[in-house]
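Secondary and tertiary structure notes
Chain residues, written in single-letter form:
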Amino acid sequence: MNSKTLIASLALVAGIAGITPIVQAAQTSSDPSVQSPTSDRQLKVNDRAPEMYQREDKALKNWKAKGLKAPIEQAQWVQINDKYVMVMITNGTIVEMQPVEK
């Protein structure tokens, strides 16, 4: 193998290695999730939120001022870390997530 072929091969491998983290970051950003405050797992839409977020005292009363749409029937907006999360009061299912605007 001559030096030109070796350099070309190394450049190709380095380019692919440099793109991989960017692609992975793009994939995770399209799938909203939030770190659970009660465990080490990531919560996503259709997961069950911790029971404490089903309580009325955790509901965001000013959801409209925060630019959120009205919660669906039997649901409420809560804030979990850096996300606004619509949670069903009846069973804790996460219906929707929105990032907190800073």
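Before going into details, it helps to say that this report is about the structure given with it. Everything numeric in this text was worked out from a predicted model, so none of it was measured.

With respect to topology, three strands assemble into an open sheet ordered β3-β4-β5, the strand pairing being antiparallel. Edge positions in the sheet fall to β3 (75–80) and β5 (94–99), since each of these pairs with one other strand and no more. Taken over all neighbouring pairs, the strand axes of this sheet differ in orientation by 25 degrees on average, direction set aside. For strand β4 (residues 83–88) and β5, the ladder comprises five bridges, and the chain directions are antiparallel. Looking at β5, one finds that Val87 is bridged to Ile94.

Moving on: the side chain of Ser36. Assignment of secondary structure puts Ser36 in the loop between β1 (33–35) and β2 (42–44). With residues up to four places along the chain from it excluded, the contact list for Ser36 reads Arg41, Leu43 and Pro50.

A few words now on the nonpolar core. The biggest cluster of nonpolar side chains holds 10 residues, and these are Val34, Leu43, Ala49, Tyr53, Val78, Ile80, Val85, Val87, Ile94 and Met97. Residues in contact with Val34, not counting those within four places in the same chain, are Arg41, Gln42, Leu43, Ile80, Asn81, Asp82, Lys83, Val85 and Met97. Counting eight residues, the second largest nonpolar core, distinct from the first, contains Leu60, Ala75, Trp77 and Met86.

Along the polypeptide, Thr90 turns up in the loop between β4 and β5. Each C-alpha atom of the pair Thr90 and Gln54 lies 7.4 Å from the other, and the pair is 36 residues apart in sequence. If we ignore the near neighbours within four places in the chain, the residues touching Thr90 are Gln54 and Gln74.

Attention now moves to the environment of Pro99. For Pro99, the position within the fold is in strand β5. Owing to a relative accessible area of 46%, Pro99 belongs among the partly exposed residues under this scheme. A C-alpha to C-alpha distance of 9.6 Å links Pro99 and Ser33, two positions 66 residues apart in sequence. When neighbours within four sequence positions are excluded, Pro99 is seen to be in contact with Asp82, Lys83 and Tyr84.

Calculation rules
Residues numbered from 1 in each chain as written. Predicted model: local features only at pLDDT ≥ 70, side-chain atom pairs only at ≥ 80, totals over all residues. Heavy atoms only, no water. Pairing = 2+ DSSP bridges. Helix = DSSP H or I, 4+ residues; strand = E, 2+ residues; numbered from the N terminus. Axes fitted to C-alpha atoms, helices over the stretch in contact; angles between N-to-C directions. Contact = heavy atoms within 4.5 Å. Core = buried A, V, L, I, M, F, W, Y, C linked by side-chain atoms within 4.5 Å. Buried < 20%, exposed > 50% of the residue type's maximum accessible area, 1.4 Å probe, protein only.

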